[in-house]
Amino acid sequence: MQWKPEYAIGIAEIDRQHQTLIEFVTEFEDAVAGKVHWNTVQPLIVRAREFVKFHFAVEESLMQIVNYPRLVAHRAEHLYVLKQFAALEHRVLRQEMKAELMPLISAWLVDHMTDSDGPFGRYALGFASASRAA
Ligand SMILES: [Fe+2]
Ligand SMILES: [Fe+2]
């Protein structure tokens, strides 16, 4: 999967981390396509979950700083994704879930980034320009 400029939410550090998420998505695609051995998927999920956990913590800190009104709902989405990743870590050991994997990964990472992080980026940029004007 390729990073597209329209994925940018306008906060440089978050956008860099989202590019890393897209790199993880690409690694998952390669595993599903058989470019790397399926055995590499479980450690890949572990690595992705660790990075995602770090990324979510960064986002939530920023949300706190700018008093983001949807912080509680957004945090709940993050928790849901982390729980799903943890469950997936065990599931892939029991079943070769090639067909299911990409829809899940792209819902948790790509859809969240565009549908939930996007509105936060717009809010944060508005907050920053209002602070400059004050
Ligand atoms: Fe994000
Ligand atoms: Fe998020």
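Criteria and thresholds
Residues numbered from 1 in each chain as written. Chains lettered and ligands numbered in written order. Predicted model: local features only at pLDDT ≥ 70, side-chain atom pairs only at ≥ 80, totals over all residues. Heavy atoms only, no water. Helix = DSSP H or I, 4+ residues; strand = E, 2+ residues; numbered from the N terminus. Expected span 1.5 Å × (residues − 1). Contact = heavy atoms within 4.5 Å. Axes fitted to C-alpha atoms, helices over the stretch in contact; angles between N-to-C directions. Parallel < 35°, antiparallel > 145°, perpendicular 65-115°, else oblique. Left-handed = near helix turned anticlockwise from the far one by under 90°. Nonpolar A, V, L, I, M, F, W, Y, C, P; charged D, E, K, R; others polar. Salt bridge = Lys/Arg side-chain N within 4 Å of Asp/Glu carboxyl O. Buried < 20%, exposed > 50% of the residue type's maximum accessible area, 1.4 Å probe, protein only. Bend = angle between axes of the 7 residues up to and from the residue. Donors = N, O, S within 2.8 Å, 3.2 Å for Na, K, Ca; no water.

Here the focus is unusual backbone geometry. Not every positive phi belongs to a glycine, and Asn-67 is a case in point at roughly 55°. Relative to the helices and strands, Asn-67 is located in the loop between helix H2 (41-65) and helix H3 (71-94).

Here we take up helix H1 (residues 12-32). With 21 residues, H1 extends 30 Å between its outermost C-alpha atoms, agreeing within 8% with the 30 Å of an ideal straight helix rising 1.5 Å per residue. Its buried side turned inward, H1 meets H2, H3 and helix H4 (98-133). The positive-phi residue at the C-terminal boundary of H1 is Gly-34, with phi of around 80°.

As a further point, take the packing of H1 against H4. In a pair of packed helices, the angle between the axes and the distance between the axes together describe the arrangement. It is the contact of H1 with H4, at a shortest axis distance of 10 Å, that shows an interaxial angle of 165°. Judged by the angle between their axes, H1 and H4 are roughly antiparallel. The hand of the H1/H4 crossing is left-handed. In this structure, H1 uses His-18, Leu-21, Ile-22, Val-25, Phe-28, Glu-29, Ala-31 and Val-32 to contact H4, whose residues at the interface are Lys-98, Leu-101, Met-102, Ile-105, Leu-109, Val-110, Met-113 and Asp-117. Considering only residue class, the contact of H1 with H4 consists of 12 nonpolar, 1 polar and 3 charged.

Between H2 and H4, the least distance of the axes is 12 Å, while the angle of their chain directions is 15°. Between H2 and H4, the angle falls in the class roughly parallel. Here H2 runs over H4; the crossing is left-handed. Listed contacts from H4 to Val-41, Val-52, His-55, Phe-56, Glu-59, Leu-62, Met-63 and Ile-65 of H2 are Leu-101, Leu-109, His-112, Asp-117, Phe-120 and Phe-127. Here the residues of the contact of H2 with H4 sort into 10 nonpolar, 2 polar and 2 charged.

Pairs can form between side chains of opposite charge whenever their charged atoms are close. In this structure the tally under the stated criterion is 6 salt bridges. Put simply, Arg-49 and Glu-89 hold a salt bridge, and the shortest N to O gap is 2.5 Å. Placement of the pair is Arg-49 in helix H2 and Glu-89 in helix H3, with a sequence separation of 40 residues. Using a relative accessible area of 24% as the deciding quantity, one classes Arg-49 as partly exposed. Between Arg-75 and Glu-60 there is a salt bridge, with the nearest N and O atoms lying 3.1 Å from each other. Pair noted here: Arg-75 is in helix H3 and Glu-60 is in helix H2, with a separation of 15 residues, a long-range link. Overall, the relative accessible area of 30% leaves Arg-75 in the partly exposed class.

We now examine H4. Under the 1.5 Å per step criterion, the end-to-end length of H4 is 51 Å for 36 residues, consistent within 8% with the ideal 52 Å. Remark: the principal bend of H4, roughly 50°, maps to His-112.

All of the protein donors around the iron ion (ligand 2) are Glu-59 (OE), His-74 (NE2), His-78 (NE2), His-112 (NE2) and Asp-117 (OD); their distances to the metal are 2.0 to 2.2 Å. In terms of primary sequence, the donors binding the iron ion (ligand 2) are separated according to E-x14-H-x3-H-x33-H-x4-D. Separating the iron ion (ligand 2) from the iron ion (ligand 1) is a distance of 3.7 Å, and Glu-59 supplies a donor atom to each of them. You can see Glu-59 sitting in helix H2 and its partner His-112 sitting in helix H4, a full 53 residues away along the chain. Exposure class is identical for Glu-59 and His-112. Each is buried.

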